[in-house]
Amino acid sequence: MRVSRRARLSLRLVALAYLALMLVVPLAVVFGRAFEHGLGSFWTSVTTPAAISAFWLTVTIAAIAVPLNTVFGVGCALALVRGKGRGRRLLDTLLDLPFVISPVIVGLALVLVYGQSGWFGDWLTRHGLPLIYQPAGMVIATLFVSLPFVVREVAPVLIEVGDEQEQAAATLGASSMQTFWRVTLPSIRWAVAYGVVLTTARALGEFGAVSVVSSNVAGSTQTLTLLVDQRSQELGAQGLYGANTAATVLAVMSLAVLVLMTVIGPSRGDGP
Amino acid sequence: MRIEATGVSKRFRDFIALDDVTLEVPEGSLTALLGPSGSGKSTLLRIIAGLERPDTGAVSLDGVDVTHSRPQDRGIGFVFQHYAAFAHMTVRDNVAFGLKIRKRPRAEVQSRVDELLELVGLTKWGSQRPHQLSGGQRQRMALARALAVQPSVLVLDEPFGALDANVRAELRTWLRRLHDEQGVTTVLVTHDQEEAMEVADRIAVMQAGRIEQVGSPREVYDNPANAFVMGFLGPVARLGGELVRPHDVTVSLVPTDDATEAMVSRVVHLGFEVRVELSLADGSEARAQLTRAQIEELEVVRGDIVYVRAPSQVAVASTPLT
């Protein structure tokens, strides 16, 4: 389609204006407000015990959820693409559940199953392993919502690469493990990396599911997203300022992930 | 190493890939599995290498049953049609792969890889990635990789199928020479009868999951077991209810007892050879392949009446060509 120079420019302008209004301006306002009382004041606000605890809890949850979902995701992708057994269609469908179910429902379901009055709640409490309203429950909620990203990145690449290289490795004497580490993993490494970045972004930013299963106690079960939410509900300028500074920390973390994504993104398709 | 496949059957859902196939590949031979696509030749090769399991039947190497052993334990080098090069490794690392898996000393790996790169003419390309090589070079690399671990059997699945005609011809000659020098028992899958005739010393002709005939290239060409083998190995003409090779048809201007009357419908000059297309009295068509000298002597042109016959010893009873 031929578009005149003028039309092209105005289309671009519309797109940019839209992005500016929806993304850049709100973010800029948050950043601006966070620094409106100067750096020192910003620093004080983000180093309160509650903020530091929220930061570390967020990082810890991501540090647990991301590796677990990476291993699980690569395994699932292999089972889906290379597996021969029945139930692959079912697995394929189940893997999309976290995409289609609202995180709030995920949180509610976890409460119903693992909560005090839930199916396993009694047993868990008696064995001193309460999950709900504890960081452990928040990890499970994050695991659930960030589960499909690695699988969905890796599976198509596995299909594209095919299994001939793996067969060649087998005829050359390599065991399944040797083939995985030396042949399969190197050929999907960019997809895995991209999947990890997406999983991390989701884990850092998750709010809905985590908020349902957290007791939301500052200093122990409050992540950055929960902290932002709580402070923004507080009355007065002080609360809003705290929300802005915490949101800025979270946004900077997410932007770092975004930069990683742009770095990895283009090399995905290139193969090795 | 001698390979025996006994009573091997394999089906994929409703498709019968192999139907009770028995084949022996003698030690040191270069055997071609020749047949059209879907004839089961690749499946048989993959069963021999252990990449596929037969539903029934057995495979043995030098008399040892390997039907249920893994490909890793069979010592069979496999060359794939589309090279199956390890894309993320250099050419050197590709060739060294099997040796590194076997944890051979570094110095030994180095010298063996050098030797093989020299053998396949890729010495200068050692530090390149496979995608920087041409198709022919990639397949030579794949051959070096398979040979590195000194397999007792080398199997090749349509190895030259994805290459240009001239590269293909060059690699065929090269493979035959390599086989003569190294003497590794080799099985080659191909659908190209010329390739099979040129490279192999034994040909197993396959069709619809069965082996139709096994023999030397001359045997299967000169004494085909049936119409399919005859038709697959070269051009055929039908003459008086019999199938003959066009170059075995004799054309003469005078009638003889055993000759059939025919009218010349077209004379096609193909360089050294001349193809004479004929209409027979019964309305059927036939063709004869003559040399230029013969045609100059006969001086036939379109519309002439000639008498054609074929030596009966090469004819095959005319079962319908499938």
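Remember, predicted model here, so these are calculated numbers, not experimental data. (Residues numbered from 1 in each chain as written. Chains lettered and ligands numbered in written order. Predicted model: local features only at pLDDT ≥ 70, side-chain atom pairs only at ≥ 80, totals over all residues.)

Caption draft 1: Structural detail: the packing of helix α9 (residues 148–161) of chain A against helix α11 (residues 176–205) of chain A. All names here are of chain A. Two elements in contact, α9 and α11, have axes separated by 7 Å at closest approach and are oriented at 165 degrees. What the angle tells us is that α9 and α11 run roughly antiparallel. Like other packed secondary-structure pairs, α9 and α11 cross with a definite hand, here right-handed. Residues F149, V150, E153, V154, V157, L158 and V161 of α9 touch α11, and the partners they reach there are S187, I188, A191, V192, Y194, G195, V196, L198, T199 and R202. Residues belonging to the contact of α9 with α11 are distributed by class as follows: twelve nonpolar, three polar and two charged. (Axes fitted to C-alpha atoms, helices over the stretch in contact; angles between N-to-C directions. Helix = DSSP H or I, 4+ residues; strand = E, 2+ residues; numbered from the N terminus. Parallel < 35°, antiparallel > 145°, perpendicular 65-115°, else oblique. Left-handed = near helix turned anticlockwise from the far one by under 90°. Contact = placed C-beta atoms within 7 Å. Nonpolar A, V, L, I, M, F, W, Y, C, P; charged D, E, K, R; others polar.)

Caption draft 2: How the structure looks around the domain arrangement of chain B. The domain boundaries assigned to chain B delineate domain 1 (3–228) and domain 2 (235–317). With centres defined by C-alpha atoms, the gap from domain 1 of chain B to domain 2 of chain B works out at 40 Å. (Domains from an automatic or database assignment.)

Caption draft 3: Broad picture of the sheet that holds strand β2 (residues 15–25) of chain B. All names here are of chain B. Taken together, the four strands give an open sheet; going across it, the order is β2-β1-β4-β5, and neighbouring strands pair in antiparallel fashion. For this open sheet the edge positions go to β2 and β5 (64–65), each flanked by a neighbour on one side alone. With two bridges connecting them, strand β4 (residues 56–61) and β5 associate as antiparallel partners. Bridge pairing in β5 links S60 to D65. (Pairing = 2+ DSSP bridges.)

Caption draft 4: Region of interest: the confidence of the model for chain B. Residue and element names in this part refer to chain B. Mean pLDDT over chain B works out to 90, with 97% of the residues at or above the 70 mark. Counting interchain partners and residues more than four positions distant, the pLDDT-below-50 stretch residues 317–322 has ten contacts. The ipTM value of the predicted complex is 0.85, and its pTM value is 0.83. (pLDDT = per-residue confidence, 0-100.)

Caption draft 5: Just the pairing of strand β15 (residues 273–280) of chain B, in detail. Pairing between strand β14 (residues 260–270) of chain B and β15(B): eight bridges, direction antiparallel. Across the sheet, residue B:V268 finds its bridge partner in β15(B), namely B:R275.

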